[in-house]
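Survey of secondary and tertiary structure
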Amino acid sequence: VLVIHENRGLNPHLEDVARRFALEGFLAYAIDLLSLVGGTPPNEDEARALHPKMNQDDAVAALVAAVDFLKKHPQSTGKVGAVGYCFGGLMVNRLA
């Protein structure tokens, strides 16, 4: 399961969402799309300010690469799903 964050970047809450998917037996990957512009800062206000600087087409390319990574992972079944929150929901649609 690919977990895609909101406009606040990969924060502890979204890391916990991925952790909970993993506890249910899924291979879970919480991607930090703000890594395209330096990574998610610890402060959510700074993350929101950094978010508009990210190129969404580059983010889609990163998501496609993440899906490919998950499909080929040794623990993968080859099936990949994605879940997104707020901005992440938009990116799930773009990924599809």
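Let me begin by describing the structure that accompanies this report.

Basis of the calculations
- Residues numbered from 1 in each chain as written.
- Predicted model: local features only at pLDDT ≥ 70, side-chain atom pairs only at ≥ 80, totals over all residues.
- Heavy atoms only, no water.
- Helix = DSSP H or I, 4+ residues; strand = E, 2+ residues; numbered from the N terminus.
- Buried < 20%, exposed > 50% of the residue type's maximum accessible area, 1.4 Å probe, protein only.
- Core = buried A, V, L, I, M, F, W, Y, C linked by side-chain atoms within 4.5 Å.
- Contact = heavy atoms within 4.5 Å.
- Pairing = 2+ DSSP bridges.
- Axes fitted to C-alpha atoms, helices over the stretch in contact; angles between N-to-C directions.

Brief notes about unusual backbone geometry
Not every positive phi belongs to a glycine, and Cys86 is a case in point at roughly 60 degrees. As for its position among the elements, Cys86 is in the loop between strand E3 (82–84) and helix H4 (87–95). The exposed category is assigned to Cys86, whose relative accessible area is 62%.

Section: the nonpolar core
Counting 16 residues, the largest nonpolar core has Leu2, Ile4, Ile31, Leu33, Met54, Leu63 and Met91 as the members making the most contacts within it. Those elements that place two or more of their residues in this core are strand E1 (2–4), helix H3 (56–72) and H4. The leading source of residues in this core is H3, at six residues. Met91 has contacts with Ile4, Leu33, Gln56, Ala59, Val60 and Leu63, leaving out every residue within four places of it along the chain. Listed in part, the seven residues of the second largest apolar core include Leu10, Leu14, Val17 and Ala30.

Describing the sheet that holds E1
Strand order in the open sheet formed by three strands is E2-E1-E3, with parallel pairing between adjacent strands. Each edge of the open sheet is held by one strand with a lone partner, namely strand E2 (29–31) and E3. Strand-to-strand twist in this sheet, taken as the mean axis angle between neighbours without regard to direction, amounts to 25 degrees. For E1 and E2, the ladder comprises three bridges, and the chain directions are parallel. Residue pairing across strands places Leu2 opposite Tyr29, the latter belonging to E2. Across the face of the sheet, H3 comes into contact with E1 and E2 while running at roughly 165 degrees to E2. Packed on one face of the sheet, H4 meets E1 and E3 and runs near 145 degrees to E3.

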